[in-house]
Amino acid sequence: MKEAVRDLLGAIGRVINFLFPFRLPQRIYRHMGFKGTFVFKIEKNKLRFMNTRDEISNDIFYSGIFGNFEGETLRLWYEISKEVNGLVLDAGAFSGIYSLVAASANKQSSIVAFEPHPNNFDLLCKNIQINEFSNITSDNRAISNKTGKVVFYNYSEDGDNPPGFTLINHRYVETESSSISCATISFKEYLESNHKEQILSLAKLDIERAEFIILRDGIERIQTDQTIIFCEILDRDSIFKIFGLFNKIDYVFINIHDKKKRLIHTGTSAEDLSEDLGKNWVILPKQIMESTKFKDIFLKF
């Protein structure tokens, strides 16, 4: 009965979204998830995406690609993806929305999407396949600071993925969730073994409080390649650690507040940071930030 009601609400939501120009509010459409494929547009490009009643696909279907799911972050990611022609890494790809957006923005870039969660990896592969992108490679390992097998927490055996599937056993791990062993590869080792001659132009890290240890592992290559980093940072303590890591190599930080649709240029200092910050950051070389091309990108925001 419950499943039938969910299916009915999802069908109603799809009809409303198709027939009427207005956007349903999130508090309503979060009950209208459905299972199936839908199409969205970025400029002239059409992309297909699987909806599994998860928050990401539901937000994109009802509010648009630059809407309620990390809209400003995705919009900036899209604009910067247009300008890079080297290697793009998507660590913690989930269902692949960042990889798909990057591939849509730039057919010349080479994108590798890492996703260790088995169910999410299947969904990632399906989303790549239905869009027929030849410049995205999927990898079922996790980028880490070491190679081998690692226990991941917040795993649900019934097929759902609780928020925060992570290799860090932190205080927010759900006590009733299970764990699973996943293959990992060191960030540094992966780049040296597979892309030694290729420039790492752009990387996105959404790896649930493991960002610092992985950035530290690859910091020499990041500095050499002048890589632009999109990074989720959930803890204030981690902000200071990551600032300290990049201050040594003349990088600047920009906070992305998706809910308030604004960018906060924090420069190179973590002192006097506002309490009202978004969870996503862009970390990029000061020289690139000051270039005319990138100044023009940031003027759009």
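See the structure printed just above.
Reference entry: report on the structure contained in this document. (Residues numbered from 1 in each chain as written. Predicted model: local features only at pLDDT ≥ 70, side-chain atom pairs only at ≥ 80, totals over all residues. Heavy atoms only, no water.)

**Quick word on the packing of helix 4 (residues 71-81) against helix 5 (residues 97-105)**
Line of reasoning, step 1. At their nearest, the axes of helix 4 and helix 5 sit 8 Å apart, and the two run at 35 degrees to each other. Considering the relative orientation of helix 4 and helix 5, their crossing is right-handed. Judged by residue contacts, T73, L74, W77, Y78 and S81 of helix 4 engage Y98, V101, A102, S104 and A105 from helix 5.
Line of reasoning, step 2. When grouped by side-chain class, the residues that make up the contact of helix 4 with helix 5 number seven nonpolar, three polar and no charged. (Axes fitted to C-alpha atoms, helices over the stretch in contact; angles between N-to-C directions. Helix = DSSP H or I, 4+ residues; strand = E, 2+ residues; numbered from the N terminus. Left-handed = near helix turned anticlockwise from the far one by under 90°. Contact = heavy atoms within 4.5 Å. Nonpolar A, V, L, I, M, F, W, Y, C, P; charged D, E, K, R; others polar.)

**Points about the nonpolar core**
Line of reasoning, step 1. Core analysis: the biggest nonpolar cluster contains 50 residues, and F40, L76, I80, I97, F230, L284 and F298 have the highest contact counts within it.
Line of reasoning, step 2. The leading source of residues in this core is helix 5, at seven residues.
Line of reasoning, step 3. Setting aside residues no more than four positions away along its own chain, L284 makes contact with I228, Y251, V252, I254, M289, F294 and F298.
Line of reasoning, step 4. Among the nonpolar cores identified, the runner-up in size contains 44 residues, and L87, F165, L200 and I214 belong to it. (Core = buried A, V, L, I, M, F, W, Y, C linked by side-chain atoms within 4.5 Å. Buried < 20%, exposed > 50% of the residue type's maximum accessible area, 1.4 Å probe, protein only.)

**Some thoughts on the pairing of strand 3 (residues 87-91)**
Line of reasoning, step 1. In terms of burial, strand 3 is a largely internal element, five of the five residues being buried.
Line of reasoning, step 2. Sheet topology places strand 3 next to strand 4 (residues 110-114); five bridges connect them, and they run parallel. Considered in strand 4, the bridge of L87 is made with S110.
Line of reasoning, step 3. For the segment spanning strand 3, helix 5 and strand 4, crossover handedness is right-handed.
Line of reasoning, step 4. Note: strand 3 against strand 9 (residues 200-205), five bridges, orientation parallel. Paired with V88 across the strands is L202, a residue of strand 9. (Pairing = 2+ DSSP bridges. Right-handed = clockwise from strand over helix to strand, strands pointing away.)

**Topic: the packing of aromatic side chains**
When we look at a pair of aromatic rings, we describe it by the centre distance and by the angle of the planes.
Line of reasoning, step 1. Counting across every chain of the model gives 18 aromatic pairs.
Line of reasoning, step 2. Judged by centre distance (5.0 Å) and plane angle (25 degrees), the rings of F152 and F165 are stacked. Placement of F152 in strand 7 (residues 148-155) and of F165 in the loop between strand 7 and strand 8 (178-186) is noted, with a sequence separation of 13 residues between them. Comparing F152 with F165, the two get one shared label, buried.
Line of reasoning, step 3. Note on F246 and F253: the rings are 6.1 Å apart at their centroids and 85 degrees apart in plane angle, and the pair reads as edge-to-face. The residues F246 and F253 share a single accessibility class, namely buried.
Line of reasoning, step 4. For R75, the ring lying beneath its charged end belongs to F301, and the centroid distance is 4.0 Å. (Phe/Tyr/Trp six-rings, centres within 6.5 Å; stacked < 30°, edge-to-face > 60°. Lys NZ or Arg CZ within 6 Å of the ring centre and 35° of its normal.)

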